[in-house]
Every structure is written in structure tokens, then in C-alpha cells.
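Single-letter residue listing:
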Amino acid sequence: MKQVSDHCFAVLNEKNRVCDANSGLINLGGGVVIDTQSDLPHARQMIELFSKVWPAMPKRVINTHEDGDHVWGNQLFVGAEIIAHRSVPERMKHVANPEETQKLLHGVADGPTRQTLEAMHPGVAAAGLQLLEDYNLDGVELVLPTTLFDTRYELDLDGTEVHLIYVGPCHQVGDTIIHVPKERVVFAGDVLFRQCTPMGWTGSYEKWFQCIDLLVELNPEVIVAGHGPLCGIEGATEMKAYLQYVRDESKKCFEAELTSLDAAKRIEFGPYGEWRAPARLYMNVERAYRELRNDPPDAPWDTPATFDAIYQVAKAKGIEVEY
């Protein structure tokens, strides 16, 4: 746990791999928790850490978007008002169904099942084994937000204003950032990844650039990224530079008629090779290709094929397979 301002705190997952999401706390106005971790053990550990600065269960929870690693701890906040963008509850049913990930973790824990999965989808098996190192989704039940908003939602916490600003679709459909102007803090959710390669499931590059520009415009002293360490606006500008670089390189490969997978194998990581999970590059190349093909921004992903492609990029680059 890190204190980031007078009344804002963050719990950070230091491994900074897939599902290692961060959470926030504002210890005013009954207490507000921002995102609830990837499984019940992590959520309980987060509650224990936050209890050092807010002894009661919080009155409110905010989900920055619909992905499971930000909502699977919701059930532990019994009686809390859960706030999110209007799109989030329905999206959670589709993208955060815990049964699929539970099945994967149980499957890779079983030798014969794992061998079959490795033969069919080596990337999925590798992702499952990585998750199994740290996560146990047993007992997770989907608890949906109860208070929904469209573009903006404001809280008054003992005289401190908190602004929820809808910025999606960017990384996901429901993307929301939380701005605490008085304390110059932004909780960015997965609009911002820090020192790890971003992944975007729906939206567009232009939408993501607009959102990053908004983060800079708000001029916070501290940004709590959805994944990775704390930063200031330099974290936002660095991620924008990465996305611009990948989009430009992808366009060259698209015009050379390479597939998105071959493009991802060819494009150099450059300075971003030091980030966690650099082979996620494939998803950002594929997003650029979708835009160049004029595909709709919400075109579905073949998730097993996507994880297999990331696996293939890592193997082609001679680096550790990491998600």
C-alpha cells in the first residue's frame, strides 16, 4: 500500500503481469474503494491493507471498467454502493464470467488436461500456468454495479469533490477515470499501463490518445495506473509514445502486406522491451490492422488465438513467454 495524497491510497501488485491490477482508496465520506482485485484472497489482502487507514468497510466501490481483474472482489463489499459506467454490468456478464477462468486454472492444474491444452492452444496453457502461480478464482461470484452513470458522476466526500469521467471505449467499453482535483490524483484504471505493455480489447487508437491527453490536461501530481507503479504525467506521455510507435510501424507492415502476427514478430520492441510482457505487442498491432481494414472498433477477439499469437511472438523474439 502507498499513500499518494492526504486521503488517497493505492494497493499495487508488484509483479505487474496479467491480472495484477491495482486498487485505490479514498478514506473520506464513508470510504471509497476503486477496483476490487482479481480473486478473493487478493481482495481480502487489499481490505486488510486499506483497513490500516480506513477501519470500516467502505460505503462505496467504483469499478473502472468491466474486466474480471478489477471486479472479481466485488462480492466482499456486502451492502456497498457499487458505481460504474452504464455499459459495465452487461459487459461483465460477457467478459468477466469467472467460470471460464476457473475452468482454465483447474484444467492447467491437471496434468493430462494441461497436455491436451498445450497441444491445441499453447498460449492459453502458458497464460493459465502463469495465473495459477498467484491466483485462485474458487468461490468468485459476479456482483454487478448498482449505481450507473452515462458521462460524468460526482461524489462529495466530506467536502472533497471526486469526479468520475467516462472515457471509453478505450481499453474496454466501460473505461472510467476517477479524478480527485483537490488532491491532484487520478485513478486511471486500464486506460494507463505503466512499465508493462498495454492491451486494448475494444476502442481505437484515437480514443486512447484522447484519453491520455485528458490525463495530461488534468495535470495530476500522481496517477494510479490500472497496472504498474505510480507515476505522474510522464507515464501517460510515455505510453502515448509507445502506442504512436506501434501504430506507425504497423501501418508500414500493413502496406507491405504482412499479417498482423508477422508484423508483430518483425517490429522491434525498442526501449519498450524492458516493460513486462512485451509480446503483448501483437494485440496493439492487430488493433492497428483492424483500423486500417476499417473493422468496427468493437469487433470481437478470438481470445485463444490471441494468447497463442502472443506466445508465438515471444518465441520468435527469443524471450520469456509472459502475459
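As a starting point, this report considers the structure included with it. (Residues numbered from 1 in each chain as written. Predicted model: local features only at pLDDT ≥ 70, side-chain atom pairs only at ≥ 80, totals over all residues. Heavy atoms only, no water.)

### Notes on the overall build of the protein chain
Moving on, step 1. When you go through the protein chain residue by residue, the secondary structure sums to 11 helices and 12 strands.
Moving on, step 2. Among the 323 residues that make up the protein chain, the fraction classed as buried is 56%.
Moving on, step 3. Sequence-distant contacts in the protein chain: of pairs separated by 6 or more residues, those separated by 24 or more amount to 68%.
Moving on, step 4. In the protein chain, 30 side chains carry a positive charge and 48 a negative one; their mean positions are 2 Å apart. (Helix = DSSP H or I, 4+ residues; strand = E, 2+ residues; numbered from the N terminus. Buried < 20%, exposed > 50% of the residue type's maximum accessible area, 1.4 Å probe, protein only. Contact = heavy atoms within 4.5 Å. Lys, Arg positive; Asp, Glu negative; His and termini not counted. Charge placed at Lys NZ, Arg CZ, Asp CG, Glu CD.)

### Observations concerning the sheet that holds strand β10 (residues 176–180)
Moving on, step 1. Taking strand neighbours across the sheet as the criterion, the 5 strands line up as β8-β9-β10-β11-β12 in an open arrangement whose pairing is mixed. Strands at the two margins of the open sheet, each flanked by one partner only, are β8 (152–157) and β12 (222–227). Taking each pair of neighbouring strands and ignoring which way they run, the sheet shows an average axis angle of 25 degrees.
Moving on, step 2. As paired strands, strand β11 (residues 185–193) and β12 are joined by 5 bridges and run parallel to one another. Considered in β12, the bridge of Phe193 is made with His227.
Moving on, step 3. In the packing of helix α7 (residues 205–218) onto the sheet, the strands contacted are β9 (160–166), β10 and β11, and the crossing angle to β11 comes to about 160 degrees. (Pairing = 2+ DSSP bridges. Axes fitted to C-alpha atoms, helices over the stretch in contact; angles between N-to-C directions.)

### Observations concerning the side chain of Gln75
Moving on, step 1. Checked against the element boundaries, Gln75 lands in the loop between α2 (68–71) and β6 (81–85).
Moving on, step 2. For Gln75, the residues in contact, after removing those within four places along its chain, are Leu40, Gly139, Val140, Glu141 and Val143.

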